[in-house]
Amino acid sequence: MSKSNAPDLWERDIITMTQTLAELDFQYCWHPFSSSDVPAKDRLVIVKGKGEWLWDDQGRRYLDGNSSIWCNIHGHNHPALNRALVEQVKKVAHSSYLGLANEPASILAQKLVNVLHSKTNLGFPRGISRAHLPRRVFYSDNGSCANEIAAKMAVQFFRITGQAQRKILVSFDNAYHGDTMLNVSLGGVSVFSEPYKDLRIKTHRVRDLADLKKLLAQKGNQVAAVFLESALAGAGGMIPHPPGFMEHVSASVRKAGALLVVDEVLAGFARTGPFLGCYREKVTPDFITLSKGLTAGYLPLAITLAPERVYQVFKGDYYSGRLFYHGHTYTANPLACRVGLENLVLFETTDVMTRVKTLSEEFAWELSKLSTMTGLETGALGMIGYIRVPHHRTKGDQARTECLKLRAKGVLTRPIGNTIVLMPPYCISSKNIRTLVQAIAR
Ligand SMILES: *Cc1c(COP(=O)(O)O)cnc(C)c1O
């Protein structure tokens, strides 16, 4: 390991390296959603980043073609986000949120609620009754937890209010809401849940709107919550919802008296264009879950935004049975909340929203050119691009092979099934948008 590429841990002689970082990874680490067959020589170790670029320990540079799994929005090593983090770490890195509050968590909560309820281009669009919108911030650490928390809140809310029969949780085919057992049970992607099916929690899956309406007509008064991925089925294959779908789901769920959980973990923070994916249509969410873009790809943090009328029924003393029993050691971590706050400040004070609009148009144009050139099906939804690679029986996992080739050309991304996903940070230059898409053409 040469000193020039090494992080300063080595420079201070804290660690003596006898193996490469890739060898250490091979020998000691286990990766999510990844094959353990990959030999050490093919393992990529990232050591630094700047803007839309990442560097490995060999000094090679890569375009971060999927925003480090869909979460980085302003780029790596961002001066304002770095400064916020450093300021906070000098004050306090963590204190418990069980019974105690902290400075950035309180301010971030206020700011988020103000932003979502505002009349700016970040707030809910016209025609949505703001009185119904959620405004209570419950913190956790990841998108899976944010959704699981919404489910627990919904079921407990109905128990407290004398409707204990409302306990069915509903989700759609192709949906992805995370990896804990409740989310795996809600999820419609069977490969993710098959090995654990004996642990499955009972939920109800519907195919489409008609199927949902049928369920609500038959058992509407037993449904606690319906989970809706905002704007598109993401991990289920980057499949945009048909026009009108979200709006109809929203209206049907409201009519049935159940609660609607809009999962904005992927679509939130302008990933599909508007600040929240559900702004594309007239949707009135009861719960909104946020995570991926919340700290702009810096630290793990999630929010379950709950309706005030749900929060209010949880009022009671320690013996009332009305406490919400869910919390993690690192709930509302001050470092993460401080960066989350700075992220919102960037949305308010810089031209991010305009950039997203301009870049989305360029991205869509490049992807349509790619389709014309190659005959492949391509598509774009805001800053999400997808390319469907035909499945060759003989060639096996074509999209994965393509992504490995892209890596060799200096573009990092991961496929979903036969779909190559391109999801760059919003700081990417127009030139690099072209580089990204054209890497596939080549
Ligand atoms: C990624 C994702 C989740 C899960 O979030 P994690 O932070 O990975 O647990 C949930 N819902 C959607 C729509 C997602 O894209």
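The structure displayed is predicted, hence computed values, not measured ones.

Caption draft 1: Layout of the sheet that holds strand E11 (residues 287-290). One open sheet holds the 7 strands; their spatial order is E4-E12-E11-E10-E7-E5-E6, and the pairing between them is mixed. Only two strands of the sheet have a single neighbouring strand rather than two, namely strand E4 (136-140) and strand E6 (204-206). Adjacent strand axes in the sheet meet at a mean angle of 20°, parallel and antiparallel pairs treated alike. As paired strands, strand E5 (residues 168-172) and strand E7 (residues 223-229) are joined by 3 bridges and run parallel to one another. Across the sheet, the residue bridging to isoleucine 168 is valine 223, located in E7. In the packing of helix H10 (residues 245-255) onto the sheet, contacts are made with E5, E7 and strand E10 (259-263), and the angle to E7 comes to roughly 170°.

Caption draft 2: Region of the structure containing the site of the ligand. Around the ligand sit 13 residues in total, of which Gly143, Ser144, His177, Asp263 and Lys292 are the nearest. Interatomic distance of 2.8 Å between a side-chain N/O atom of aspartate 263 and a nitrogen atom of the ligand. Per-element accounting of the shell around the ligand gives the leading share, 3 residues, to helix H6 (residues 143-160). Of the residues belonging to the shell around the ligand, the class tally is 4 nonpolar, 6 polar and 3 charged.

Caption draft 3: Examining the domain arrangement of the protein chain more closely. Here the protein chain is described as being made up of domain 1 (1-43), domain 2 (49-77 + 351-441) and domain 3 (86-349). Counting residues at the interface gives 7 residues for domain 1, matched by 5 residues for domain 2. Carbon and sulfur atoms make up 32% of the surface buried where domain 1 meets domain 2, a total of about 400 Å² over both sides. Taken together, the links from domain 1 to domain 2 amount to 0 salt bridges. Connecting domain 1 to domain 2 are 2 residue pairs in polar contact (both at pLDDT 80 or more). The residue makeup of the side of domain 1 that touches domain 2, split by class, is 3 nonpolar, 2 polar and 2 charged.

Caption draft 4: Just the packing of aromatic side chains, in detail. Overall, the coordinates contain 11 aromatic pairs when judged by the stated rule. Relative to phenylalanine 245, the ring of phenylalanine 172 has its centre 5.1 Å away and its plane inclined at 70°; by these criteria the two rings are edge-to-face. Of the two residues, phenylalanine 172 is situated in strand E5 and phenylalanine 245 in helix H10; the sequence distance between them amounts to 73 residues. Residue phenylalanine 172 is classed as buried on the basis of its relative accessible area, which comes to 6%. Residue phenylalanine 245 is classed as buried on the basis of its relative accessible area, which comes to 11%. Joined through ring pairs, the aromatic side chains of Phe33, Tyr176 and Phe192 make up one cluster. The ring of tyrosine 311 has arginine 136 lying over it, and the distance from NZ or CZ to the ring centre is 3.8 Å. Here arginine 166 stacks its cationic end above the ring of phenylalanine 158, 5.3 Å away from the centre of that ring.

How each quantity is defined
- Counting from 1, residues in each chain are numbered in the order their sequence is written.
- Thresholds applied to this predicted model are a pLDDT of at least 70 for local features of residues and 80 or more for the giving and counting of side-chain atom pairs; totals over whole chains, interfaces and linings are not thresholded and use all residues.
- Hydrogens and water are ignored here; the side-chain numbers use all heavy atoms of the structure.
- Should DSSP find at least two bridges between two strands, the strands are regarded as paired.
- Strands are runs of DSSP state E lasting at least two residues, helices are runs of H or I lasting at least four, and both sets are numbered from the N terminus onward.
- Where helices are involved, their axes are fitted lines through C-alpha atoms of the stretch in contact, as for all axes, and angles between N-to-C directions lie from 0 to 180°.
- Residues count as neighbours in contact if any of their non-hydrogen atoms are within 4.5 Å of one another.
- We define proximity as follows: a residue is near a molecule or strand when any one of its heavy atoms falls within 4 Å of that partner.
- In the analysis that follows, any N or O atom pair within 3.5 Å is treated as a polar contact, provided that within protein one partner can donate a hydrogen and the other can accept it, and provided that, for residues neighboring in sequence, both atoms belong to side chains.
- Side-chain classes are defined by residue name, with Ala, Val, Leu, Ile, Met, Phe, Trp, Tyr, Cys and Pro counting as nonpolar, Asp, Glu, Lys and Arg as charged, and the others, Gly among them, as polar.
- All the domain ranges listed were derived from an automatic or database domain assignment.
- Values labelled buried area give the accessible surface lost by two parts on being combined, using a 1.4 Å probe and summing over both.
- A side-chain nitrogen of Lys or Arg and a carboxyl oxygen of Asp or Glu constitute a salt bridge if their distance falls within 4 Å.
- Two rings belonging to Phe, Tyr or Trp (six-membered ring only in the last case) form a pair when the distance between their centres is within 6.5 Å. Interplanar angles under 30 degrees mark stacking, angles over 60 mark edge-to-face geometry, and anything in between is tilted.
- Buried residues are those whose accessible area, probed at 1.4 Å on protein chains only, stays under 20% of the maximum for their type, while exposed residues exceed 50% and partly exposed ones sit between those limits.
- Charge over a ring is defined by NZ of Lys or CZ of Arg lying within 6 Å of the ring centre and within 35 degrees of the ring normal.

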